[in-house]
Every structure is written in C-alpha cells, then in structure tokens.
Amino acid sequence: MGKLIVIEGLDGSGKSTQLALLPQSLKAHGVDCRTVSFPNYASDSSALVRMYLSGAFGEKPGDVNAYAAATFYAVDRFASFRRDWGDYYQAGGVVIAGRYTTSNAVHQTSKLPRGQWEPYLDWLYDFEYRKLGIPKPDLVIFLDMPNEVSQRLLAHRYDGDETRRDIHERDIVYLEHCRQAALFTAEHSGWEIVRCASDGAARPIDEIAADVLALTLKALAKE
C-alpha cells in the first residue's frame with residue numbers, strides 16, 4: 001500500500017494553495033506523488049454534491065441531514081478511488097488529497113448536537129473506510145484559519161460578489177460551528193493542526209507550506 005496525506009480546512013483556509021505547493025516541495029526531496037481533490041466536480045459522481053451545494057435540496061446546510069449529505073460526498077470519493085488513483089496508491093504511490101472523508105467529519109458533524117459528535121464520527125469512519133473500502137489517511141493536516149480572516153480572503157476571491165458563494169460559504173454561523181467541530185474532530189481523530197493566522201492576519205504562505213512539508217515528511221518516513 002502507498003501513503004495518503006490529506007490537507008483539510010474550511011473555506012478560505014488556503015487548501016488549494018498548499019495542495020499545489022506540497023508536491024513541488026516533495027519532489028525537491030526526491031518524493032514523487034499524485035494529487036487528488038474533492039469533490040471531483042468534473043465527474044458525474046459529484047452530481048448530488050453539486051445539487052446540494054447549489055441549494056437544490058434546501059438553502060441552508062442543515063436542510064440536508066448529516067448522514068444523507070455524507071453519502072453524497074462519500075460516493076464521489078469511492079468513484080475517484082476506484083476509477084482514478086486506487087491502483088497507483090495500492091502499488092505504493094504517495095497520494096496528496098485536498099479534502100477527503102475528513103470534510104464530512106468537519107461539515108456534517110457540525111450539524112449535530114455536541115453529544116452526537118463521537119457516535120457520528122464512528123459511523124462515518126466505519127462507512128467510508130470499512131464499508132466502502134476507501135483508504136484511511138496516514139496523515140491529516142488541518143489548516144486552521146479563523147473565520148474572521150477567511151471571510152476577508154473569500155471576499156477577495158469572489159471580488160465582493162456574494163452570489164458566487166455556495167450554501168456553506170454564505171452561512172457564517174454554520175462556518176463557525178464547523179470550526180468548533182473541526183478542532184474537536186482533530187483532537188479526537190489525531191489530526192495535525194497548522195495554525196494559519198497570527199494576530200488577526202493570515203500567516204505567510206511559505207511559512208505554512210514549511211509546516212505542512214515537515215509534517216508530511218515525518219509521516220512518509222514512518223513504516
């Protein structure tokens with residue numbers, strides 16, 4: 001089997017940037033890898049995800065319960081693993097994923113009362129890693145960007161056009177619930193946390209990238 005490294009974070013945390021930088025840094029250390037990103041919007045397997053995020057099932061994230069929404073995303077990952085990167089991974093390849101089962105752990109857990117978080121995570125990990133048979137990550141790096149900072153970054157990304165945001169990005173209360181759920185889940189599930197802001201401002205991208213690389217090299221060195 002290969003290695004699966006996941007870069008996780010809320011919207012505006014810099015996931016896409018770090019997903020692009022990490023393979024370049026690994027190559028400089030003699031490590032070849034493949035990258036995948038979820039949801040895979042180019043695939044038919046993401047149809048239900050696209051409908052959900054567009055508001056087809058309700059304008060608020062909570063209009064679709066945690067278990068139903070989780071299946072939308074899980075099916076997309078299953079299809080990607082079986083049709084795209086599974087053989088590479090099983091042959092010993094290193095796969096770097098932008099989002100994964102870990103996104104269900106963050107976004108869907110936040111919809112539930114606090115007392116249901118642990119049972120939901122147990123169900124989720126059993127469903128995706130055992131029932132569906134997709135790989136469990138060797139390392140999850142959670143990019144922790146406070147929402148007040150990420151909102152400024154998202155506003156810049158969309159040039160102030162709020163209509164371009166999906167139902168997650170538009171719901172500030174939901175995003176704050178997600179951050180609290182993410183920090184709980186990171187501790188519960190043994191994720192590594194990289195702090196992406198300091199004194200109310202985003203840290204330099206190269207500093208965050210150095211932290212991500214160090215954690216990844218450490219994980220790859222483990223047998």
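Presented here is a report on the structure given in the accompanying data block. (Residues numbered from 1 in each chain as written. Predicted model: local features only at pLDDT ≥ 70, side-chain atom pairs only at ≥ 80, totals over all residues. Heavy atoms only, no water.)

**Focus on the packing of helix H5 (residues 117–131) against helix H8 (residues 172–189)**
Stage number 1. At a closest axis distance of 11 Å, the pairing of H5 and H8 adopts a crossing angle of 65°. In terms of their interaxial angle, H5 and H8 are classed as roughly perpendicular. Crossing geometry of H5 relative to H8 is assigned as right-handed. Between H5 and H8, the contacting residues are Trp117, Glu118, Leu121, Asp122 and Tyr125 on the first element and Gln180, Ala181, Phe184, Thr185, His188 and Ser189 on the second.
Stage number 2. Counted by class, the contact of H5 with H8 contains 5 nonpolar, 4 polar and 2 charged residues. (Axes fitted to C-alpha atoms, helices over the stretch in contact; angles between N-to-C directions. Helix = DSSP H or I, 4+ residues; strand = E, 2+ residues; numbered from the N terminus. Parallel < 35°, antiparallel > 145°, perpendicular 65-115°, else oblique. Left-handed = near helix turned anticlockwise from the far one by under 90°. Contact = heavy atoms within 4.5 Å. Nonpolar A, V, L, I, M, F, W, Y, C, P; charged D, E, K, R; others polar.)

**A look at the sheet that holds strand S5 (residues 192–195)**
Stage number 1. Here 5 strands make up an open sheet; going across it, the order is S2-S3-S1-S4-S5 and the pairing parallel. The open sheet is flanked by strand S2 (34–37) and S5, the only strands paired with a single partner. Averaged over all adjacent pairs, the angle separating strand axes in this sheet is 20°, with direction ignored.
Stage number 2. The pairing of strand S1 (residues 3–9) with strand S4 (residues 139–144) spans 5 bridges and is parallel. (Pairing = 2+ DSSP bridges.)

**Looking at the layout of surface pockets**
Stage number 1. Quantified by volume, the second largest pocket comes out at close to 270 Å³.
Stage number 2. Lining the second largest pocket are 13 residues, and of these Lys136, Pro137, Val140, Ser189 and Trp191 sit closest to its centre.
Stage number 3. With 3 residues, H5 is the largest single contributor of residues to the lining of the second largest pocket.
Stage number 4. Counted by class, the lining of the second largest pocket contains 6 nonpolar, 3 polar and 4 charged residues. (1 Å grid on protein atoms, 1.4 Å probe; cavity = no way out; pocket = protein on both sides within 12 Å on 5 of 7 lines; lining within 4 Å. Points joined across faces, edges and corners; volume = space filled by probe spheres on them.)

**Here we look at the nonpolar core**
Stage number 1. Ranked by size, the top nonpolar core spans 33 residues in total, and within it Leu4, Trp85, Tyr100, Tyr125 and Trp191 carry the most contacts.
Stage number 2. Where this core is concerned, the elements lending two or more residues are S1, helix H3 (66–90), strand S3 (94–98), helix H4 (101–107), H5, S4 and H8.
Stage number 3. Broken down by element, the residue count for this core peaks at 7 residues, all from H8.
Stage number 4. Look past the residues within four positions of Trp191 in its chain and what remains in contact with it is Glu8, Thr102, Ala105, Val106, Tyr125, Val140, Phe142, Ala182, Thr185 and Ala186.
Stage number 5. Of all hydrophobic cores here, the second largest spans 21 residues; its members include Leu19, Leu143, Val194 and Leu213. (Core = buried A, V, L, I, M, F, W, Y, C linked by side-chain atoms within 4.5 Å. Buried < 20%, exposed > 50% of the residue type's maximum accessible area, 1.4 Å probe, protein only.)

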